[in-house]
Amino acid sequence: MRLHFSRKMLGIPYAVFLLFFVILPMLVILFYAFTDKQMHLSFGNFIRFFSDPTKLSTIVYSLVIAFITTAVSLLIAYPVAYILARSKMKKKFVILLLFVTPMWINFVLRINAIRELLGWVGLLGEANYFNTILGMVYDFLPFMILPLYTTMLKIDESLYEASSDLGASAFTTFTRVTLPLSMPGVASGITMVFLPSMTNYVVSDMLGNSKVTIIGKFIYEYFGTNWHMGSMVALILLIVVFLSTWLTGGLKEDETVRGANL
Amino acid sequence: MKLKRFGALALATLAAIPTLMFTAGCSNDKTVTLRIFNWEEYIDEGGEDSWDGTEDAPAMIQRFETWYEETYGTPIRVEYSTFGTNEDMYNQLQLGDEYDLLCPSEYMIMKLAAEGYLQPYDASFHDPSIEGNYYAQNVSPYIRNMFESNRINKEDASDPSTWADYAAGYMWGVTGFTYNPAYVEGSELSELGWDIMIDPQFKNKVTTKDNVRDSYFVALAICYKDEIEALDPTSADYNARLTEILNRTDAETIEKVEAVMREMDENIYGYETDTGKADIVSGKIWLNFAWSGDAVYAMDLAEAGEDEDGNETESTLLNFYIPESCANLWFDGWVMPKGANKQAAQAFVNFLSMPENAVRNMYYIGYAGVIAGEEVLDYVKECYEVDPAEYENPDEEVVDYDLSYFFGDTVEEDNAIFPADRVQAEERQLHAHYPTYEVTRRCAVMDYYGEEANETINELWSRIKSETLDAWAIVVICVGIVLVAGAVLYVKFGGKLDLFRSRPKKGYHRIRQENCR
């Protein structure tokens, strides 16, 4: 038997990678979520989760925090991306770079810096939820700007010309050309910001003095004591994120452009 | 923390490459390996910050490797890794990681021993007459007594095993508050005791630890304040009764504790694991719940006018306050899991117990070690002994500090009583570093609560830490989410509704139809 080299074989490393680092871990989580400490099949964790107001409240709080973070990031990022993509300015990449460079500085350092600033202003310890959301917006903003900017850059100039030839006002051009065509960028931006703001408990610990508990912290604490419950919470988070991604349209196959944006 | 661990992993991988190549190249069958799992920053790591103060001062691990080969003639290689919490360490063990020596806290030692993870020390290990048994020869009689009198399994009367069977001590201390005397008077604190945590005058000015056991202890001390104060400190069973109160986990207690913890949650500035030191120096908070060793470290740094990264700041004097009613007494000790290399592990514990090495470790990490003896006493005196002749008013400003209970017969009689600055002895480093016998008498050890109680307390903790909404609020928000989701779905798949297209103008249809013809 001779081995023929085919293009398909190039995919093997990726398949192996996906198997070991994506599929197997998911199965392990699934296994732990539906077993008890004696490793017997059990729905106890599931029932406990949905009958405990604390856990449901934490999910709701996390959702609300993530929602506000995403909305604020979007409100800030959209005009920035629009102006950068549409302006005729030379060297506009410098401005883009200024927005993105914080991402290259160590995360813990940035959060510590914000913590000091907030302490200086006097907000630390006073407005824990505000601080947490502020920190998250600051931290995740580049993830919103970048996909928006690249999608907007790709919008064909001739569409704008056609729009103004047909007598559309600037506002109509925006609502009928820019907005619909930038939707894939909006969707991927939302996906990139929503999940980390539900789970990044370092921000809520540092800026909310650990008084703000989000679902990520919950998972972390459960993994210190009870892996089964921790896996169940992780699984539920997975489903919540999957649903919200699906709702924002992140899973539609025809919009392959988005993949390139990231 | 996570990042740190990942970094450590990457480093470990890098470090493993040459080792692998080495072992593959010329395998030396005789080399012994000792796998140690210890707290982060809990051993002398050599270099400029160490006792010797020179850049090339070897770390404790290297010293041990050299010493072991010289003493036993076999080369040894130490694989050293660290953990951040007792629970992390326990998880690693459960995952099947194998070690020869671990350094958990007392309650985790009890849990591990009760679950059969540990093997006992050799009986000869505790015999001071055998040469090389540095631990048995140098350990403080106070610590030895603690380890020999605390049982592993308090519930089961048929199990006589004690901590000493499974563990050798390493570091110990008490809990209390570091406070900034610029804002808080020591006498004010004495009136409040643990109530500091719920007192409105310290609203947003005090922190507790972001860990359930420490906060639970504080809440217990507040709950049973009256009962604790009613105990007679002179009675023989005083400490036993105190310990019983501070280890309660019955349903009624949990209910009371929950109410107190809620009050604490309202009152405190926040929960912290390591931001407290910086926050108290910068004046953000006035009081910080702290372990004694950490407190000594924070006081030293603040006094020297340095932050943790060695940058210069203003010099601040911090004090340490141990509540008069009670405090928590804790120990970290070395234990050997089953399958460990006992000989090498015990040799390591003995090596750390040589007085000079004990001093090195104490100097580096700031905690109080379990080792006594002249050399350790000299170190303590070097830090805290004063000359009364230098004081204007020695009767007022100097006190005799008595550590005989700790040093016992390891030093010459009365040597462990030395003159110390009154401020040091009553509210600063010395008082935190080596508490007096009177302080240790009112300290209780927190036991392992058992699986069931542990679970209940963890649930209690998560209730305190998260905001719990009323049922109706959850329902309303869930309905809201479903409505939004429904609207999005309708927009996406309903097809008919197009938000960005205005209605066709009148006459539009007719024109189009005409065009078609």
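Use the structure listed above.
First, a word on what this report is: a plain description of the structure on this page. (Residues numbered from 1 in each chain as written. Chains lettered and ligands numbered in written order. Predicted model: local features only at pLDDT ≥ 70, side-chain atom pairs only at ≥ 80, totals over all residues.)

A few words now on the packing of helix α3 (residues 53–86) of chain A against helix α6 (residues 128–154) of chain A. All names here are of chain A. At their nearest, the axes of α3 and α6 sit 7 Å apart, and the two run at 40° to each other. Between α3 and α6, the angle is such that the two are oblique. The way α3 lies across α6 gives a crossing that is right-handed. Within the contact of α3 with α6, the residues separate by chemical class into 23 nonpolar, three polar and no charged. (Axes fitted to C-alpha atoms, helices over the stretch in contact; angles between N-to-C directions. Helix = DSSP H or I, 4+ residues; strand = E, 2+ residues; numbered from the N terminus. Parallel < 35°, antiparallel > 145°, perpendicular 65-115°, else oblique. Left-handed = near helix turned anticlockwise from the far one by under 90°. Nonpolar A, V, L, I, M, F, W, Y, C, P; charged D, E, K, R; others polar.)

Membership of the largest hydrophobic core comes to 139 residues, with the highest contact counts inside it found for B:Leu101 and B:Ala219. Here this core takes nine residues from helix α9 (residues 212–223) of chain B, the largest share from any one element. Contacts of B:Leu101, omitting those with residues within four sequence positions, involve B:Leu34, B:Ile36, B:Trp334, B:Met336, B:Ala340, B:Ala345 and B:Phe348. Counting 49 residues, the second-largest nonpolar core is a separate cluster that includes A:Ala33, A:Tyr78, A:Phe143 and A:Trp227. (Core = buried A, V, L, I, M, F, W, Y, C linked by C-beta atoms within 7 Å. Buried ≥ 20, exposed ≤ 12 C-beta atoms within 10 Å, placed from the backbone. Contact = placed C-beta atoms within 7 Å.)

All names here are of chain B. Of all eight residues that make up strand β1 (residues 32–39), six are buried, and the element is covered over most of its length. As paired elements, β1 and strand β2 (residues 76–83) share eight bridges and run parallel to each other. Its bridge partner being in β2, Leu34 is matched across the sheet by Val78. Tracing the backbone out of β1, into helix α2 (residues 60–72) and back to the parallel element β2 gives a crossover that is right-handed. In this sheet, strand β3 (residues 101–102) lies alongside β1 in parallel orientation, the contact comprising two bridges. The residue of β3 that forms the bridge with Ile36 is Leu101. (Pairing = 2+ DSSP bridges. Right-handed = clockwise from strand over helix to strand, strands pointing away.)

Here we take up the packing of helix α12 (residues 251–267) of chain B against helix α23 (residues 451–465) of chain B. All names here are of chain B. Packing of α12 against α23 leaves a shortest axis separation of 10 Å and a crossing angle of 30°. Judged on the interaxial angle alone, α23 and α12 are roughly parallel. Crossing handedness for the pair α12 and α23: right-handed. In this structure, α12 contributes Ile254, Glu258, Met261, Arg262 and Asp265 to the contact, and α23 contributes Thr456, Leu460 and Ile464.

So far we have only geometry, and geometry alone does not tell us how the molecule works.
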